[in-house]
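A closer look at the structure
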Amino acid sequence: MLAARASALSQWYPFTSHNYLRFVDSPALWMPGTQDVNELAGSISFDAGGTEGRPAFRVWSGFLLREPDPVLVLATPNAVEAVDALVGLLPAHGMESRP
């Protein structure tokens, strides 16, 4: 996604989980020399058959597959708008350690 590469998201390391794009603050644990990796409390998903059959990007606050459930912040067909929302969300949470 070109919008993500041109944004502040490029300072973090992306990884996928199910249908979500998530970010951490350093290379993944399986990379040589990596020890402490902090997951950022936000993610973005894409649904090709969103509302009314239109594609939708969804921005989530919180951690996926954990309690409490993440909160839907934005649903939009516009990738740039979704990336901007995620960029604004991640620094607000800071970096939180993975359990």
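Up top is the structure.
A brief look at the structure comes next. (Residues numbered from 1 in each chain as written. Predicted model: local features only at pLDDT ≥ 70, side-chain atom pairs only at ≥ 80, totals over all residues. Heavy atoms only, no water.)

**Let's talk about the overall build of the chain**
Quick note on the threshold: Here a helix means four or more residues in a row that DSSP labels H or I, a strand means two or more in a row labelled E, and each is numbered from the N terminus. Residue exposure (1.4 Å probe, protein chains only): buried if accessible area is under 20% of the type maximum, exposed if over 50%, otherwise partly exposed. Areas reported as accessible are Shrake-Rupley estimates using a 1.4 Å probe. Residue values count occlusion only from the protein chains shown.
Counting its regular elements, the chain contains 2 helices and 6 strands. Ordering the α and β elements of the chain from the N terminus gives α-β-β-β-β-β-α-β. A buried classification covers 39% of the 99 residues belonging to the chain. Surface summary for the chain: the accessible area is close to 6,100 Å², and the carbon and sulfur share equals 56%.

**Quick notes on the side chain of Ser-45**
Rule in force here: Polar contact criterion, stated in full: a pair of N or O atoms within 3.5 Å, where within protein one must be able to donate a hydrogen and the other to accept it, and residues adjacent in sequence count only if both atoms are side-chain atoms. The contact definition used throughout considers only heavy atoms, calling two residues in contact when any of these lie within 4.5 Å.
Along the polypeptide, Ser-45 turns up in strand E3 (residues 38-47). Reaching out from Ser-45, the side chain makes a polar contact with the side chain of Trp-60 at a distance of 3.1 Å. Those residues in contact with Ser-45, other than ones at most four positions away along the chain, are Asn-19, Tyr-20, Ala-56, Phe-57, Arg-58 and Trp-60.

**Looking at the pattern of salt bridges**
So the rule is basically this: By salt bridge we mean one thing: a side-chain nitrogen of Lys or Arg within 4 Å of a carboxyl oxygen of Asp or Glu.
Per the counting criterion, the structure on display carries 1 salt bridge. Where Asp-47 meets Arg-58, a salt bridge forms, and the shortest distance between an N and an O atom there is 3.3 Å. Of this pair, Asp-47 sits in strand E3 while Arg-58 sits in strand E4 (residues 56-61), and the two are 11 residues apart along the sequence.

**Some words on the packing of aromatic side chains**
Counted only if it meets this: Aromatic rings from Phe, Tyr and Trp, taking only the six-membered ring of Trp, are treated as a pair when their centres fall within 6.5 Å; an angle between ring planes under 30 degrees marks them as stacked, one over 60 as edge-to-face, and anything in between as tilted.
Under the definition given, this model contains 2 aromatic pairs. Look at Phe-46 and Phe-57: their rings are 4.8 Å apart centre to centre, the planes differ by 50°, and that puts the pair in the tilted class. Taken as a pair, Phe-46 in strand E3 and Phe-57 in strand E4 lie far apart in primary sequence, 11 residues in all. Take Phe-46: its relative accessible area is 44%, and that puts it in the partly exposed class.

**Observations regarding the nonpolar core**
To keep things clear, this is the line we draw: We define a nonpolar core as any set of buried Ala, Val, Leu, Ile, Met, Phe, Trp, Tyr and Cys residues linked to one another through side-chain atoms lying within 4.5 Å.
Ranked by internal contacts, the top residues of the largest apolar core, which has 13 residues, are Leu-9, Trp-12, Phe-23, Ile-44, Val-59, Leu-86 and Leu-90. Residue assignment for this core shows that the elements contributing at least two residues are E3, E4 and helix H2 (79-93). Of the residues forming this core, the biggest block, 6 residues, is contributed by H2. When sequence neighbours within four positions are dropped, the list of residues in contact with Val-59 reads Ser-43, Ile-44, Val-71, Leu-72, Val-73, Leu-74, Ala-82, Ala-85, Leu-86 and Leu-89.

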